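As a plain string of letters, each chain reads:
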Amino acid sequence: MTQNSTNTSYLRQLDGLRFLAVTMVLIDHWSGDALQFPISYLGVCMFFVLSGFLITRILLQARSKDESMGRSHKFSLKQFYIRRTVRIFPIYYLTILALFIWNVEPVREKIWWYLTYTTNIYIAIKQTWMGSSDHLWSLAVEEQFYLFFPFIVFFLSARSLPKILFGFIVLSVGLRLFFYLNGTAWMTPYVLMPTCLDAFGIGGLFAYFYFHKNEAVKGFVTNKIWLLVSLLLYIGIVLWGKQFPDGHNIITVVFLRLFESFFSLFMVGNAVYGFGGITKNLLENKITVYLGRISYGIYIYHKFIYNHYHNSPSNPVVKILNKLPVIDENMIFKIIFLYAVTVLVSTISWFLIEKPINKWKDKFSY
């Protein structure tokens, strides 16, 4: 096996894809599900598939380097956690601190759930959301995945990894089916980390074959017929789910994420190898690449800037909207305005906090 040189390159279109994913989430959240189509679910799932691909790719590269240098995998394990901490923790914990100081409900009374990245477990147990901070459940899922997955890549047989990743998919769908058949509220199988593993597993499988059989997997994931088929299957499963009287039925609870992940695989795959034409121009545009780069901040801040269901009258953005009825009463204008405010806040966060701190990662290379 020889590692393809593209495995170490910066994949520019993935930042553009992050922009698309976070934009779907924002539009759905700010419109109050006015679209009647779960694009926020797709956006979050696309992030999970992308994380599964990128994290597996990083870990496989680190493992290969360890073996070529004859060093212990403990070194790369330590570097991985330091680099993840540097990238993820600062603005997350600063946000939690600000919410605690300003006494934004329910942060003070549930503070340990926030500090330990277990808000998804709280939601699953209590079967209730957490107001303007409920979107943090997906960050909890990612952190919980990071806790154990590097040990699998570094310390188990390399040949066993595809079977384990495929097992993630089977386990995840099986658990969602179990919860559904037992009458558990839909949000439990939606937010728990094990029930999200099919998205990570599909992304991880792509990374494994990208790393070991690059040309073979390229022909598969860049086949536009498969991209179209996966899109039609995804749309079909959404429409099928709408035929049930209950919006949270066996289709939406058990199978929707699997089909979201399948479609996301081909979106990620084509972006990795490079879309052409109009899609290339969109994903490689300087603006979309930049917005994708700051998408972590955009995602964290967007519901505190404006929450369709839980807005405080003291919220400065709400006050501005109240004075601008032309914008407030037009959904398109409103979303554009909110997006601009969110990008402004995220840009300040990026240049004052994230980018300077991210430079520390250079001291902890693999």
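Every value quoted in this text rests on a predicted model; they were computed, and no experiment measured them. (Residues numbered from 1 in each chain as written. Predicted model: local features only at pLDDT ≥ 70, side-chain atom pairs only at ≥ 80, totals over all residues. Heavy atoms only, no water.)

Description of the packing of aromatic side chains
Heads up, the condition is: Ring pairs are drawn from Phe, Tyr and Trp, using the six-membered ring of Trp, whenever the two centres fall within 6.5 Å, and their geometry is named by plane angle: stacked under 30 degrees, edge-to-face over 60, tilted for the rest. In our convention, an over-ring charge means Lys NZ or Arg CZ found within 6 Å of a ring centre and within 35 degrees of that ring's normal.
Enumeration according to the criterion identifies 39 aromatic pairs in this entry. In this structure, Arg 108 packs its charged tip against the face of Phe 100, placed 5.2 Å from the ring centre.

Remarks on the pattern of salt bridges
Heads up, the rule is: For this document, the term salt bridge refers to a Lys or Arg side-chain nitrogen within 4 Å of an Asp or Glu carboxyl oxygen. Secondary structure counts use DSSP, requiring at least four H or I residues in a row for a helix and at least two E residues in a row for a strand, with both numbered from the N terminus. Three exposure classes are used, based on accessible area relative to the maximum for each residue type with a 1.4 Å probe and protein chains only: buried under 20%, partly exposed in between, and exposed over 50%.
Taken as a whole and assessed by the stated rule, the structure comprises nine salt bridges. Asp 15 serves as the salt-bridge partner of Arg 293, at 3.8 Å between the closest nitrogen and oxygen. Remark: Asp 15 occurs in helix α1 (residues 12-31) and Arg 293 occurs in helix α14 (residues 286-293); sequence separation between them is 278 residues. Note that Arg 63 is salt-bridged to Glu 67, the shortest N-O span being 3.0 Å. Taken as a pair, Arg 63 and Glu 67 lie in helix α2 (residues 39-69) at a separation of four residues, close to a single helical turn. Residue Arg 63 is classed as buried on the basis of its relative accessible area of 12%. A relative accessible area of 47% places Glu 67 in the partly exposed class. One connected set of salt bridges, linked through shared partners, spans Asp 15, Arg 18 and Arg 293.

With respect to the side chain of Thr 195
In plain terms, the rule: A contact between two residues is defined here by any heavy atoms of the two lying within 4.5 Å.
Its place among the elements puts Thr 195 in the loop between α8 (187-191) and α9 (197-212). The buried category is assigned to Thr 195, whose relative accessible area is 0%. Dropping the residues within four chain positions of it, Thr 195 is found in contact with Ser 172, Leu 175, Arg 176, Phe 179, Thr 188, Pro 189, Tyr 190 and Arg 257.

Points about α1
The test is simple: Here, expected helix span is obtained from the residue count minus one, scaled by 1.5 Å.
Between its first and last C-alpha atoms α1 spans 29 Å; for 20 residues at 1.5 Å apiece the expected length is 28 Å, and the two agree. Taking burial as the measure, the 20 residues of α1 include 16 buried ones, the bulk of the element. Positive backbone phi, at 65°, marks Gly 32, one or two positions downstream of α1.

That is the geometry; function is a separate question.
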